[in-house]
Amino acid sequence: MSPPVFRRRPAATAALAAALVLCAAAPAQARLCRIAAVEGAGAELWVEGRWRDVASADLPLALPPVAAILRTGPEARVRLACDDGVEATLGTSSELNLATLTEPAPDGGVVMRLIRGVVAAAARGAWPRFEIRSPLVIAAVRSTEWLVVHDPAEGSAVFVRAGEVAVRALEGSGAATLGPGEGVDMPPGGPLSPVKT
């Protein structure tokens with residue numbers, strides 16, 4: 001297939017070029033996400049300066065397009081679903097900062113910030129970037145399923161179910177590329193452990 005020829009319509013070409021520049025400069029729109037499922041009791045959402053209980057009766061519950069934190073107790077798990085195909089499950093005794101999920105990066109990418117606990121994600125879209133950040137590591141992927149765990153006393157860990165994940169230490173050195181069935185640990189103070197199967 002030959003490339004398109006624009007010699008016959010210079011005005012249309014100029015208008016298209018101007019539109020592309022405007023689109024590139026436009027900020028990414030807020031991602032519309034919701035709490036799709038809650039298992040067990042003890043899920044809470046921090047919004048407008050207070051914790052609000054989240055129960056199955058509230059579902060589906062749209063996440064606010066403002067800074068919010070979702071946390072689960074020792075018996076609760078929460079599944080999140082977004083309008084662009086992002087899916088994540090927050091495990092028991094976990095906290096996830098939702099601000100970077102509902103407000104995409106300028107490049108339209110996906111960033112989740114795990115405060116503590118476990119979050120599993122499925123990346124089945126065409127985002128320019130898909131990352132889960134814990135206080136110690138950044139796990140970045142495309143088209144895969146993986147899990148990130150963080151405990152302030154024990155550190156962070158990343159495990160891959162399918163696809164490939166690039167993991168690097170948030171501070172200092174240490175990086176690894178994980179395939180299916182592989183994982184890596186990062187204790188507080190580092191370094192990144194060797195890849196484990």
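Everything numeric in this text was worked out from a predicted model, so none of it was measured.

Basis of the calculations
- Per-chain numbering applies: the sequence of each chain, read as written, is numbered from 1 onward.
- For a predicted model such as this one, the threshold for reporting local features is a pLDDT of at least 70, and the threshold for listing and counting side-chain atom pairs is 80 or more; totals across whole chains, interfaces and linings nevertheless cover every residue.
- The basis for every side-chain value is the complete set of non-hydrogen atoms in the structure, without hydrogens or water.
- Secondary structure elements follow DSSP: runs of H or I no shorter than four residues count as helices, runs of E no shorter than two count as strands, and numbering proceeds from the N terminus.
- Throughout, exposure labels follow a simple rule: accessible area from a 1.4 Å probe, protein chains only, divided by the maximum for the residue type, with under 20% read as buried, over 50% as exposed, and the rest as partly exposed.
- What makes two residues a contact is simply this: any of their non-hydrogen atoms within 4.5 Å.
- The Shrake-Rupley method, run with a 1.4 Å probe sphere, supplies the accessible areas, and residue values consider only the shown protein chains as cover.
- Any carboxyl oxygen of Asp or Glu that lies within 4 Å of a side-chain nitrogen of Lys or Arg is treated as forming a salt bridge with it.
- Note: two strands are recorded as paired if DSSP finds a minimum of 2 bridges between them.
- Two aromatic rings from Phe, Tyr or Trp, using only the six-membered ring of Trp, form a pair when their centres are within 6.5 Å; if the ring planes differ by under 30 degrees the pair is stacked, by over 60 it is edge-to-face, and anything between is tilted.
- Should the NZ of a Lys or the CZ of an Arg lie within 6 Å of a ring centre and within 35 degrees of the ring normal, that charge is described as sitting over the ring.
- Confidence scores labelled pLDDT are given residue by residue by the predictor and lie between 0 and 100.
- Whenever two N or O atoms come within 3.5 Å, that pair is a polar contact, provided that in protein one can donate a hydrogen and the other can accept it, and provided that, for residues adjacent in sequence, both atoms are side-chain atoms.

Regarding the overall build of the chain
- In terms of helices and strands, the chain carries 2 helices and 16 strands.
- In the chain, which comprises 197 residues, the proportion classed as buried is 39%.
- Taking the intrachain contacts of the chain between residues at least 6 apart in sequence as the baseline, contacts between residues at least 24 apart amount to 45%.
- Within the structure as shown, the chain displays about 10,800 Å² of accessible surface, and the carbon and sulfur contribution to it stands at 57%.

Description of the pattern of salt bridges
- Using the criterion set out here, one finds 6 salt bridges in the structure.
- Glu39 is the salt-bridge partner of Arg77, the closest N and O atoms lying 3.9 Å from each other. Taken together, the residues Arg77 in strand β6 (residues 77–82) and Glu39 in strand β1 (residues 33–39) connect sequence positions 38 residues apart.
- On the basis of relative accessible area, Arg77 is assigned to the partly exposed category, the value being 42%.
- Two residues, Arg133 and Glu131, come together in a salt bridge whose shortest N-O distance is 2.8 Å. The exposure classification of Arg133 matches that of Glu131, with both residues buried.
- Among the charged side chains, a network of salt bridges with common partners joins Arg129, Glu131 and Arg133.

Details of the pairing of β1
- Pairing of β1 with β6, which is carried by 6 bridges, proceeds in the antiparallel orientation. Its bridge partner lying in β6, Cys33 is registered against Cys82.
- Relative to strand β4 (residues 61–62), β1 is paired through 2 bridges, and the arrangement is antiparallel. Across the sheet, the residue bridging to Arg34 is Ala62, located in β4.

Brief notes about the packing of aromatic side chains
- If you walk through the whole model with that rule in mind, you get 1 aromatic pair.
- One residue, Arg71, lies across the ring of Trp51, its end atom 3.7 Å from the ring centre.

Description of the confidence of the model for the chain
- In the predicted model, the chain carries a mean pLDDT of 79, and the fraction of residues at 70 or more is 83%.
- Element-level pLDDT for the chain is lowest in helix α1 (residues 10–25), with a mean of 31, against a maximum mean of 95 in strand β5 (residues 69–72).
- Residue range residues 1–27 is modelled with pLDDT below 50. Its contacts to residues more than four positions away, or to other chains, number 1 contact.

Observations concerning the environment of Leu114
- Tracing the chain through its elements places Leu114 in strand β9 (residues 110–123).
- Accessibility expressed as a relative area gives 2% for Leu114, which makes it buried.
- A C-alpha to C-alpha distance of 8.0 Å links Leu114 and Val149, two positions 35 residues apart in sequence.
- For Leu114, the contacting residues outside a window of four places in its chain are Leu90, Glu95, Leu96, Val119, Ile132, Arg133, Ser134, Pro135, Val148, Val149 and His150.

Things to note about the side chain of Ser94
- With respect to the helices and strands, Ser94 occurs in the loop between β7 (87–90) and β8 (95–97).
- On the basis of relative accessibility, which here comes to 0%, the residue Ser94 falls in the buried class.
- Among the polar contacts listed, one links the side chain of Ser94 to the backbone oxygen of Gly91, at a separation of 3.2 Å.
- When residues no more than four places from it in sequence are discounted, the contact partners of Ser94 are Leu70, Arg71, Thr72, Arg116, Gly117 and Val118.

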